[in-house]
Amino acid sequence: EAGVAQSPRYKIIEKRQSVAFWCNPISGHATLYWYQQILGQGPKLLIQFQNNGVVDDSQLPKDRFSAERLKGVDSTLKIQPAKLEDSAVYLCASSLGLAGAADNEQFFGPGTRLTVL
Amino acid sequence: LAKTTQPISMDSYEGQEVNITCSHNNIATNDYITWYQQFPSQGPRFIIQGYKTKVTNEVASLFIPADRKSSTLSLPRVSLSDTAVYYCLVGDQNNNAGNMLTFGGGTRLMVKP
């Protein structure tokens, strides 16, 4: 089966500019996650969707980050305006249901590497 | 919120068995233990999940003692391609408090020839 798709793979912008990332989860997966992974650290959850509803966005910097999953399938994550500290890899993942239950492992995409200059 | 503690790094040689232990002293009754593997420039990949005792699949084994305050990921006969970062996650199937989605710093495993 096709995996989680993300685009672009790389993006370089200047601070205060805007950027958007796109994710297409595995077909049939109800749950979608966006993570931020700073170099040398583990992934940090930004937002979690169940279908098109938000389950958890407690760690999303809402003053500059936004995400949507309008039709319960693909999703976009936006940063506006970007800061230097936003330089990281942004990972999208999906699972059949909520991660933690049996057979609900997360499948990760390749990520988008963002560099903010 | 269950927190996990793992060694920052480990070294091994090809053909050896590697055991990575994760401490999760505050694990709750409904929490599952899940391990992920991450290669450079890739997203994490699921390895194994368990609740108690021992779980084995084609890739690894997971040992969980009776008190469940720790778990050990066992990789039999590692090869150079097992060089990666390994993450231990603890959470429940209802994803209460987002436990399942808290990655720690992981353990960086280096396998040498």
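Criteria and thresholds
Residues numbered from 1 in each chain as written. Chains lettered and ligands numbered in written order. Predicted model: local features only at pLDDT ≥ 70, side-chain atom pairs only at ≥ 80, totals over all residues. Heavy atoms only, no water. Salt bridge = Lys/Arg side-chain N within 4 Å of Asp/Glu carboxyl O. Helix = DSSP H or I, 4+ residues; strand = E, 2+ residues; numbered from the N terminus. Buried < 20%, exposed > 50% of the residue type's maximum accessible area, 1.4 Å probe, protein only. Pairing = 2+ DSSP bridges. Axes fitted to C-alpha atoms, helices over the stretch in contact; angles between N-to-C directions.

## Observations concerning the pattern of salt bridges
Then, number 1: Counted according to the given criterion, the structure contains three salt bridges over all chains.
Then, number 2: Put simply, Asp 57 of chain A and Lys 62 of chain A hold a salt bridge, and the shortest N to O gap is 3.8 Å.
Then, number 3: Residue Lys 112 of chain B is joined to Asp 11 of chain B by a salt bridge in which the shortest nitrogen-to-oxygen separation is 3.4 Å. Pair noted here: Lys 112 of chain B is in strand S9 (residues 107-112) and Asp 11 of chain B is in strand S1 (residues 9-13), with a separation of 101 residues, a long-range link.
Then, number 4: Classification of Lys 112 of chain B by relative accessible area gives partly exposed; the value is 31%.

## A word on the sheet that holds strand S8 (residues 75-79) of chain A
Residue and element names in this part refer to chain A.
Then, number 1: Judged by pairing direction, the sheet is antiparallel, and its four strands sit side by side in the order S1-S3-S8-S7 without closing on themselves. Strand pairing shows two members of the sheet lacking a second neighbour, strand S1 (5-7) and strand S7 (65-68), which therefore form its edges. The mean angle between the axes of side-by-side strands here comes to 15 degrees, regardless of whether they run parallel or antiparallel.
Then, number 2: The pairing of S7 with S8 spans four bridges and is classified as antiparallel.

Read these as layout, nothing more, since geometry by itself doesn't imply function.
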